[in-house]
Amino acid sequence: MAQAALEAAEARFIANNPLSKKQHELAVGALPGGNTRTLLHTSPFPLTMKQGKGAHVWDEDGHKYLDLVGELTAGLYGHSNPIIRQTILSTFDNVGLSLGSTTVQEHKHASLLCSRFKLERVRMANTGTEANMHALAGARHYTSRRKVIVFSGGYHGAVFSFPAGKAAPNTVDKDDFVVIPRYNDTSLAMNTIKSTPDLAAILVEPMQGAGGCIPGTKEFLHAIQDAAHEVGALFILDEVMTSRLAPHGLGVELGLKPDMVTMGKYLGGGLAFGAFGGREEVMAVYDPRVEGSLAHSGTFNNNTLVMSVGYKALKRVFTEEACGELNERGDRLREKLVEVTKGSKIRFTGRGR
Ligand SMILES: Cc1ncc(COP(=O)(O)O)c(C=O)c1O
């Protein structure tokens, strides 16, 4: 019976979305599987979106949807924020897109990120994946060690993903990761941390995102932070998804003091962005004035458009107050959803928005 219902639903989907179907058939001629971002592939074909306005998106067949995907938190500002629009236009008109030099604006954005998220120093990148890559390279350089502990279900970017207790096949430096099979299992983590030689860092999300929106308990996160320090490893908090969950990020909210924090998503104001920061002494591994420091390159690391838009969006739109309100609304929505689905197999996890 379930199979018949599923087949009927699929037939309806195909009949209702002829232009998305046609677009998919065209796209496979240039993109493998018609896709350039695996997450977005669905069978028999994904919907092709045509336009976003405010909090809504429209597909090629003209259907209107409430955009609850929110570009997986990068779309936090919606599709039509006037401050973001104005900043894009004025940067183009008055500054230029890429000046091939340092600018005042990158310092402004860096200072804002430092004060908002309680970091001593920060460096920019283009994605959360890159931010984690550089943070790990920095930790390895700082400690002169190689191994990194991560947790099953952890997602730290396109080439750092650890589903089902194992590094995904495309993980970079795969053999250097030790994957703890259960998140939030303090005693298992303690044993592994203490018995892993050559440990450079523990990399963890304070709430697992791709792993199912599982909040880390305060006790677990503090215990692994302390254990990392006991064995001389760095504690790196991946806040690419979670920095939006509290005015100064989820780590600060939980009283954590990570050596490094990685960020991205909405902090580019809706444009591609990543950043990693932390203690001055640790971040000094990337200080080009210091002999033997690590290089950190990236043509677009400090591009004027993202530095301007990310800065304005955080300073003027996603203020500390707005952050509090948004997350309260998210909590209320989830509580309601839990209430109305009581007794069914549907589960809603997470915190905030
Ligand atoms: C926790 C976490 N870290 C890192 C990343 C990677 O960010 P990006 O997709 O910008 O490379 C993501 C993306 O979803 C993420 O959720």
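Predicted model, so just to flag it, every value in this text is computed and none were measured. (Residues numbered from 1 in each chain as written. Predicted model: local features only at pLDDT ≥ 70, side-chain atom pairs only at ≥ 80, totals over all residues. Heavy atoms only, no water.)

Student: Go over the overall build of the protein chain, please, and point to the residues and values.
Tutor: Helix and strand counts for the protein chain stand at eleven helices and 14 strands. Taken over C-alpha atoms, the radius of gyration comes to 21 Å for the protein chain, in line with the 20 Å a tight globule of 353 residues would show. Reported as C-alpha extents along the three principal axes, the dimensions of the protein chain are approximately 60 × 55 × 45 Å. A buried classification covers 43% of the 353 residues belonging to the protein chain. Here the analysis covers contacts within the protein chain between residues at least 6 apart in sequence; of these, 69% occur between residues at least 24 apart. When the accessible area of the protein chain is evaluated, it comes to approximately 18300 Å², of which 56% is carbon and sulfur surface. The averaged location of the 36 negative side-chain charges in the protein chain is 4 Å from the averaged location of its 39 positive side-chain charges. (Helix = DSSP H or I, 4+ residues; strand = E, 2+ residues; numbered from the N terminus. Rg over C-alpha atoms; globule rule 2.2 N^0.38 Å. Buried < 20%, exposed > 50% of the residue type's maximum accessible area, 1.4 Å probe, protein only. Contact = heavy atoms within 4.5 Å. Areas by Shrake-Rupley, 256 points an atom, 1.4 Å probe, with all protein chains shown as cover. Lys, Arg positive; Asp, Glu negative; His and termini not counted. Charge placed at Lys NZ, Arg CZ, Asp CG, Glu CD.)

Student: Break down unusual backbone geometry for me, with residues and values.
Tutor: Cis peptide bonds are those with omega within 30 degrees of zero, and the linkage from S43 to P44 qualifies with 5 degrees. For P44, the position within the fold is in the loop between helix 2 (18-27) and strand 1 (49-53). Phi at T73 takes a positive value of approximately 90 degrees, unusual for a residue other than glycine. Judged by relative accessible area, T73 falls into the buried class, the value being 5%.

Student: Describe the pairing of strand 1, listing the residues and the values that go with them.
Tutor: Of the strand pairs in this sheet, strand 1 and strand 2 (residues 56-59) are connected by four bridges, and their pairing is antiparallel. By the bridge assignment, K53 is partnered in strand 2 with H56. Following strand 1, the chain reverses through two residues before pairing antiparallel with strand 2; G54 in that reversal takes a positive phi of roughly 60 degrees. (Pairing = 2+ DSSP bridges.)

Student: Describe the sheet that holds strand 4 (residues 121-125), with residues and values.
Tutor: Pairing between sheet strands relies on hydrogen bonds along the backbone, with the strands arranged either parallel or antiparallel. Across the sheet, seven strands lie side by side as 4-14-13-12-9-5-8; this open sheet has mixed pairing. Of all strands in the sheet, those bounded by a partner on one side alone are strand 4 and strand 8 (177-180). Direction aside, neighbouring strands of the sheet carry axes that sit 20 degrees apart on average. With five bridges joining them, strand 4 and strand 14 (residues 274-278) adopt antiparallel strand pairing. Within the sheet, the bridge partner assigned to V122 lies in strand 14 and is G277. (Axes fitted to C-alpha atoms, helices over the stretch in contact; angles between N-to-C directions.)

Student: Would you mind going over the pattern of salt bridges in detail, with residue names and values included?
Tutor: A side chain with one charge may pair with a side chain of the opposite charge, provided their charged atoms come close. Throughout the structure, instances matching the rule amount to twelve salt bridges. Note that D287 and R289 form a salt bridge whose closest N and O atoms lie 2.7 Å from each other. You can call D287 buried: its relative accessible area is 15%. Between D331 and R334 there is a salt bridge, with the nearest N and O atoms lying 2.6 Å from each other. Of this pair, D331 and R334 both sit in helix 11 (residues 320-340), separated by three residues, roughly a single helical turn. On the basis of relative accessible area, R334 is assigned to the buried category, the value being 15%. Among the ionic contacts, a cluster of salt bridges with common partners joins R140, R146, D173 and D176. (Salt bridge = Lys/Arg side-chain N within 4 Å of Asp/Glu carboxyl O.)

Student: Please give an account of a nonpolar patch on the surface that cites residues and values.
Tutor: On the surface, L39, L40, V69 and L72 cluster together into a nonpolar patch covering about 360 Å² of accessible area. Its location among the elements puts L72 in the loop between strand 3 (64-66) and helix 3 (82-94). (Patch = residues over 30% accessible without salt bridge, like charges linked within 9 Å, V, L, I, M, F, W, Y side chains within 5 Å.)

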